[in-house]
Amino acid sequence: MSSKARQKKEATVLEALVPVVLTVGILMYTILVLGGDVHIPLVLGSIITTLIAVYRLGFTWGEIEEGFIATISGTMQAIIILAIIGMIIGTWILGGVVPTLIFYGLKVLSPAFFLIASMILCSIVSLATGSSWTTAGTVGIALMGVAVGLGVPGPMAAGAIISGAYFGDKLSPLSDTTNLAPAMAGSNLFDHIKHMFFTTGTSYVIALIAFGIMGAQFAGKELDTAAINELISTMSANFTISPILLLVPIIVITLVAMKTPAIPGLMIGTILGGAAAIIFQGASLGAVLDAMQNGVVSETGNALLDELLTSGGLQSMMKTISLIMCALTFGGMLEKSGMLETLAKKILGFAKSTGSLVTVTILSCIFVNALAGDQYLAIVLPGKMYRDEFHKRGLAPRNLSRCLEDAGTMTSSLIPWNTCGAAMSGYLGIPTVDYVPYAVLNLVSPIVSIVFGYAGITMMKLEDDPSAPEYKGKATVSA
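What comes next is a walk through the structure. If you're wondering where the values come from, they're calculated on a predicted model, not measured in any experiment.

1. A short note on a nonpolar patch on the surface
- Taken together, Ile40, Val43, Leu44, Ile47, Leu51 and Tyr55 make up a surface patch of nonpolar side chains, about 600 Å² in accessible area.
- Counting through the fold element by element, Tyr55 comes out in helix α2 (residues 39-55).
- We classify Tyr55 as exposed; its relative accessible area is 66%.

This is how it looks when you write it as structure tokens:
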């Protein structure tokens, strides 16, 4: 039968659910039983989607291929940014920028404010590295040792560490999820980060107050700082630590504030990191180029510090980029075949107002996190499902990207079988169900986002978004 003669039909809810349910099942089996990665399950899910689209809905392979290639093409800026982030992390470690940030961050610890200080320290480290996993797996482990010496319950300490780690993971321009969310929603990276400050800042203050109340009972106790002091002394012995190096991230932040485009802004940060490595750390040009390509392998002799500072490089981002492309292929096929639209229409029947639309988006992210066990898919699928609806209701894309992070990123560590929940539990030695009540920032963020949605707080209208001119005048439904 020729492509012209093929009659397409709209997917039923059952047909739309089949590839989603089967893919989720394959994902959960691979992660929980086989201990594997999520890449191949997503490829298998794409094959299932293709079979249904071609043999049940009347699409040709050419049309399906066109759909997922268009989806990937639409996120190429974010993929390029992730590659640059690998380079910037490499030069910032080699240049002593990341060690300097950690060095001064460690200075904030005190017995009376251990939980608050732990959250702030992990926030600093995760902002500098863009990784909650790296933060929890290094500085987080050291802080867990300090908590034992202080008599702070492990689940409570883990909650503070995870709250801080995910603060940076959510807001750092070096984070993969921070780049993926605006790519899915159609917003600008730096606009997305600034818009998140409203909900994240509110949630952060609530978390600080909560940890202040919880930590008050430990005031007056002596702090066992042996592990922290060892990290500080090792960094001082292996790097030139100077407040001047703080100018590198400050300049990048200033460029963000001046609305410099993300790619040139981050490239400037990479170059500054390389210059810092040559000027302050005595590195050669060859070492800088190698750090940009392959990252840094730290050999300080301190196991925790070496794990934290062995990172970066263009190559370090390839696994994340390939995972995102697998997720985008799956999502692009669901979208092109109309299956995603069928599911979205069904769910959006419950979203009559802006507040309920935000709620549906938040719950969808949590649902995908729980079923698929992967935070990337929890950003990609809801992002593609609700992007058009936010536009139709006259809401700026940055509102959607904020929702994706408030729920997709923040709740991933609260689910035991999610890759993030498993990683946090493994690093910190605390079962996920035990630390969940104390991961205040992660628990509060989606709630604050829903409250902001119903109250209309900082819900930017499409017509007021200078970064989305292509959508001006296209809103068809009042918010």
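2. Notes on the pattern of salt bridges
- Applying the stated criterion across every chain, the model contains 6 salt bridges.
- Between Lys170 and Asp406 there is a salt bridge, and its shortest N-O distance comes to 2.3 Å. Separated by 236 residues along the polypeptide, Lys170 in helix α9 (residues 154-171) and Asp406 in helix α21 (residues 397-409) bring together distant segments of the chain.
- Lys170 gets classed as buried once you look at its relative accessible area, which sits at 0%.
- With its nearest N and O atoms 3.9 Å apart, the salt bridge here joins Lys194 to Asp191. Note that Lys194 and Asp191 are positioned in helix α11 (residues 189-215) at a spacing of 3 residues, about one turn of the helix.
- Here the salt bridges do not stand alone but share partners, grouping Lys9, Glu15 and Arg56 into one network.

3. What to know about the side chain of Thr432
- Relative to the elements of secondary structure, Thr432 occurs in helix α23 (residues 432-435).
- Of the residues examined, Thr432 reaches a relative accessible area of 4% and is grouped as buried.
- Here Thr432 is in contact with Ser413, Leu414, Ile415, Pro416, Gly421 and Ser425, once residues within four sequence places are set aside.

4. Observations concerning the packing of aromatic side chains
- This structure, assessed with the given rule, holds 2 aromatic pairs.
- With 5.9 Å between their ring centres and 50° between their planes, Trp61 and Phe68 make a pair best called tilted.
- With a relative accessible area of 13%, Phe68 lands in the buried category.
- Aromatic pair Phe167 and Tyr204: ring centres 4.4 Å apart, planes at 45°, arrangement tilted. In this pair, Phe167 sits in helix α9 while Tyr204 sits in helix α11, placing the two residues 37 residues apart along the sequence. Like Phe167, the residue Tyr204 is buried in the burial classification.

5. Some points on α9
- A rise of 1.5 Å per residue sets the reference length of α9, with its 18 residues, at 26 Å; its end C-alpha atoms lie 26 Å apart and thus fit the reference within 8%.
- Counting buried residues along α9, 16 of its 18 residues qualify, which places the element largely inside the surrounding structure.

6. Examining the environment of Gly86
- Checked against the element boundaries, Gly86 lands in helix α4 (residues 76-94).
- On a C-alpha basis, the gap between Gly86 and Thr129 in space is 9.9 Å, while along the polypeptide they are 43 residues apart.
- Ignoring anything within four residues of it in the chain, the contact list for Gly86 reads Gly312, Gly313, Leu314, Ser316 and Met317.

What counts as what
- Residues numbered from 1 in each chain as written.
- Predicted model: local features only at pLDDT ≥ 70, side-chain atom pairs only at ≥ 80, totals over all residues.
- Heavy atoms only, no water.
- Patch = residues over 30% accessible without salt bridge, like charges linked within 9 Å, V, L, I, M, F, W, Y side chains within 5 Å.
- Areas by Shrake-Rupley, 256 points an atom, 1.4 Å probe, with all protein chains shown as cover.
- Salt bridge = Lys/Arg side-chain N within 4 Å of Asp/Glu carboxyl O.
- Helix = DSSP H or I, 4+ residues; strand = E, 2+ residues; numbered from the N terminus.
- Buried < 20%, exposed > 50% of the residue type's maximum accessible area, 1.4 Å probe, protein only.
- Contact = heavy atoms within 4.5 Å.
- Phe/Tyr/Trp six-rings, centres within 6.5 Å; stacked < 30°, edge-to-face > 60°.
- Expected span 1.5 Å × (residues − 1).

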